[in-house]
Amino acid sequence: MSALDLLSGDARAFLEKAWASHVHLHHTAPQRLTGLLSIGDVDHLLTSTALRTPALRVAQDGSVIDPSRFTRQASMAGKPVTGLVDGRKVLDLFDQGASLVLQGLHRYWPPLTELVRDLELALGHPCQANAYLTPPGSQGFAVHSDSHDVFVFQTYGTKLWEVHADPLREVLMEPGVSMYLPTGTPHAARAQDTASLHVTVGINQATWRGELTRIVQELLAAPEFGERLPTGYPADPALLTDALADQLRRLSSTLADEPARQLAERIADRFLTSRTAELRGGLTDRLAVADLTDDTVLERRPGAACVLRPGPERLRVLLGDRSLDMPSRLTEPMRAVADAARLRPADLATWLDAQSRLVLARRLVLEGLLRVAA
């Protein structure tokens, strides 16, 4: 089941209605969501790891608490380490009614890393994940709105949400329930009889404004747009008129000469080569790569992209954080790789001899697209 299926039900229908101005609720089997981040997982992160600010934020009565109240200093190899979360201080603040916010979990908690990466690939928009642990009967933040769309799902306890949509509605979140809130939806939430733990997946929208600005900036990097303005123009703006008209015509002509299809591919390619690499298990794979055989079972690394851009002589393979340049003769075997969740090098025998397919398989493991199946 994909990330969108998990959070919103019918992924296809959701994508067709994406970012509509309404609240969307979905119910699924509780264990499918609670397994992504349990109360025990949060306990582990707070008390048994070297968590540092700003990975943790603490709030009470609508205000964020100064990190000095829950962090400590230490040393490592004789060097000072600051901002370390002090588990005892954090637990004491929680007992006093403070809410705990684990920020950027997609960067260091594997189940949420995979969920967020799947969601990013499905949507084409950067995503992030935070978690909120609230004491019984407490409310961490007053009514507020977010500057991005969010998916919210409960993994422990219950929380009553006041959603200022049209009309105003109350939503009781419990394990198995996920909610989608469009950008700018005012809301507040209060834990009920037990502590509450929920995860918020934020969708940081890529916009036409951002992409068009980037396209124009790239075009303006041409030397002819670097010419200086004429002297004396502040006192006589008319000195700019003819030259400005020429520059505007030049920019308009340059834009018109750029085929929309090529610009669209550049936008997509930028997204598919600029994401953070996810290489969990990569060391183990590198140690095992020399022993790959024709029958070694390989699988796509979770959240990895594999988008092909075939050309007449070369094939470009977009992996998410980078691209690979390959001979065009590898187009068909790479299509087979892109279409398969699991495969053996032997499955590429239709196109490649034994040595060539092992060389390709090893390279794809080293590049982080494939991994040795458990």
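Residues numbered from 1 in each chain as written. Predicted model: local features only at pLDDT ≥ 70, side-chain atom pairs only at ≥ 80, totals over all residues. Heavy atoms only, no water.

The next point concerns the pairing of strand β11 (residues 177-181). A large share of β11 lies buried, amounting to five of its five residues. By the alternation rule, side chains of β11 split into Val177, Met179 and Leu181 and Ser178 and Tyr180, which are all buried. Two elements, strand β1 (residues 24-27) and β11, share four bridges in a ladder whose sense is antiparallel. Across the sheet, residue histidine 26 finds its bridge partner in β11, namely serine 178. Note that strand β8 (residues 149-156) and β11 share four bridges and pair antiparallel. Paired with valine 152 across the bridge in β11 is methionine 179. (Buried < 20%, exposed > 50% of the residue type's maximum accessible area, 1.4 Å probe, protein only. Helix = DSSP H or I, 4+ residues; strand = E, 2+ residues; numbered from the N terminus. Pairing = 2+ DSSP bridges.)

If you walk through the whole model with that rule in mind, you get 22 salt bridges. A salt bridge links glutamate 211 to arginine 270; its shortest N-O distance comes to 3.0 Å. Of the two residues, glutamate 211 sits in helix α7 (residues 208-219) while arginine 270 sits in helix α9 (residues 260-271), which places them 59 residues apart along the sequence. Judged by relative accessible area, glutamate 211 falls into the buried class, the value being 13%. The partner of arginine 357 in a salt bridge is aspartate 294, with the nearest N and O atoms 2.8 Å apart. Linking arginine 357 in helix α12 (residues 354-366) with aspartate 294 in the loop between α10 (282-288) and β14 (298-300), this pair joins segments that are 63 residues apart in sequence. (Salt bridge = Lys/Arg side-chain N within 4 Å of Asp/Glu carboxyl O.)

In total, this model carries one aromatic pair according to the counting rule given. With a centroid separation of 5.5 Å and 50 degrees between ring planes, the pair formed by phenylalanine 151 and tyrosine 180 is classed as tilted. Residue phenylalanine 151 is found in strand β8, and its partner tyrosine 180 is found in strand β11; the two are separated by 29 residues along the sequence. Its relative accessible area of 0% is what places phenylalanine 151 among the buried residues. (Phe/Tyr/Trp six-rings, centres within 6.5 Å; stacked < 30°, edge-to-face > 60°.)

Across the sheet, three strands lie side by side as β18-β14-β19; this open sheet has antiparallel pairing. Looking at the sheet topology across the chains shown, the edges are occupied by β18 (342-343) and β19 (370-372). Two strands pair when backbone bridges link them, and β14 and β19 are joined in this way by three bridges, in the antiparallel orientation. Note on β19: the bridge partner recorded for glutamate 299 is arginine 371.

To describe two helices that pack against each other, one gives the angle between their axes and the distance between the axes. Closest axis-to-axis distance for the α7/helix α8 (residues 238-257) pair is 11 Å, and the angle between their directions is 110 degrees. The pairing of α7 with α8 is recorded here as roughly perpendicular in orientation. For the pair α7 and α8, the crossing hand works out as right-handed. Across from Ile215, Val216 and Leu219 in α7, the residues of α8 making contact are Leu251, Thr254 and Leu255. Residue composition of the contact of α7 with α8, by class: five nonpolar, one polar and no charged. (Axes fitted to C-alpha atoms, helices over the stretch in contact; angles between N-to-C directions. Parallel < 35°, antiparallel > 145°, perpendicular 65-115°, else oblique. Left-handed = near helix turned anticlockwise from the far one by under 90°. Contact = heavy atoms within 4.5 Å. Nonpolar A, V, L, I, M, F, W, Y, C, P; charged D, E, K, R; others polar.)

Take helix α4 (residues 39-47) next. Turning to α4, its buried residues are Asp41, Val42, Leu45 and Leu46. Burial along α4 is one-sided: seen end-on, the buried residues are contained in an arc of 130 degrees. As for α4, its buried residues are in contact with β2 (56-60), β5 (79-85), α5 (87-95), β6 (99-102), β7 (127-134) and β13 (196-203). (Arc of directions from axis to C-beta.)

Turning next to the side chain of aspartate 86. Tracing the chain through its elements places aspartate 86 in the loop between β5 and α5. Among buried Asp, Glu, Lys and Arg side chains, aspartate 86 stands out as unpaired, with lysine 89 the closest opposite charge at 4.2 Å. Here the side chain of aspartate 86 touches arginine 88 through a polar contact of 3.1 Å, landing on its backbone nitrogen. Once residues within four sequence positions are removed from consideration, aspartate 86 is found in contact with Phe70, Thr71 and Arg72. (Lys, Arg positive; Asp, Glu negative; His and termini not counted. Polar contact = N/O pair within 3.5 Å; in protein donor to acceptor, adjacent residues only side chain to side chain.)

As a further point, take the sheet that holds β2. Spatially, β1-β11-β8-β13-β7-β6-β2-β3 is the arrangement adopted by the eight strands of the open sheet, whose pairing is antiparallel. Of all strands in the sheet, those with a lone pairing partner are β1 and β3 (63-64), marking the two edges. Bridge analysis of β6 against β7 gives three bridges, and the strand direction is antiparallel. Across the sheet, the residue bridging to leucine 100 is leucine 133, located in β7. Across the sheet, α4 lies against β2, β6, β7, β8 and β13, angled at about 85 degrees from β6, the strand it touches most.

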